[in-house]
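# Summary of structural features
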Amino acid sequence: QAMYNSGDIKGALTAFSTLLDTEPNHPRRTEFEFERAKCLARLGRENEAFETYRKLAQASTNDVWKKSAQAEIDQLQWESKIGNIIKDKDRRSSQ
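This text gives an overview of the structure that appears in the document. Computed from a prediction, not measured in an experiment: that's the story for all the values here.

## Concerning the overall build of the chain
Within the chain, the regular secondary structure consists of 5 helices and 0 strands. The order of helices and strands in the chain, counted from the N terminus, is α-α-α-α-α. Relative to the 2.2 N^0.38 estimate, which gives 12 Å for 95 residues, the radius of gyration of the chain is 16 Å and therefore markedly larger than a compact globule would have. C-alpha extents for the chain along the principal axes are approximately 55 × 30 × 20 Å. Relative to its 95 residues, the chain shows a buried fraction of 26%. Pairs at least 24 apart in sequence give 36% of the contacts found in the chain among residues at least 6 apart. Carbon together with sulfur atoms contributes 50% to the accessible area of the chain, which is approximately 6,500 Å² in total. For the chain, the distance from the average site of its 16 positive side-chain charges to the average site of its 15 negative ones is 4 Å.

Conventions used here
- Residues numbered from 1 in each chain as written.
- Predicted model: local features only at pLDDT ≥ 70, side-chain atom pairs only at ≥ 80, totals over all residues.
- Heavy atoms only, no water.
- Helix = DSSP H or I, 4+ residues; strand = E, 2+ residues; numbered from the N terminus.
- Rg over C-alpha atoms; globule rule 2.2 N^0.38 Å.
- Buried < 20%, exposed > 50% of the residue type's maximum accessible area, 1.4 Å probe, protein only.
- Contact = heavy atoms within 4.5 Å.
- Areas by Shrake-Rupley, 256 points an atom, 1.4 Å probe, with all protein chains shown as cover.
- Lys, Arg positive; Asp, Glu negative; His and termini not counted.
- Charge placed at Lys NZ, Arg CZ, Asp CG, Glu CD.

Written out as structure tokens, the structure reads:
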């Protein structure tokens, strides 16, 4: 988390990925998966982030990470929709 907060998103992604690989039964695994997805999104890897958030949002538990993941999905979808509207407007104005 400290790496992420300091702006070292790639370092944070590596740290979360390593932790998830080496500690598959860690009690905070869901939190680490969520944080890893945030890193992916910040690095422009939205599809990978979306898939992780989707998996977390579909979990059978009803915890804060499930709700947070759904909020992130909504945000990514909104950003994508706005991006498409802007691209379409730019395309039409350049014709």
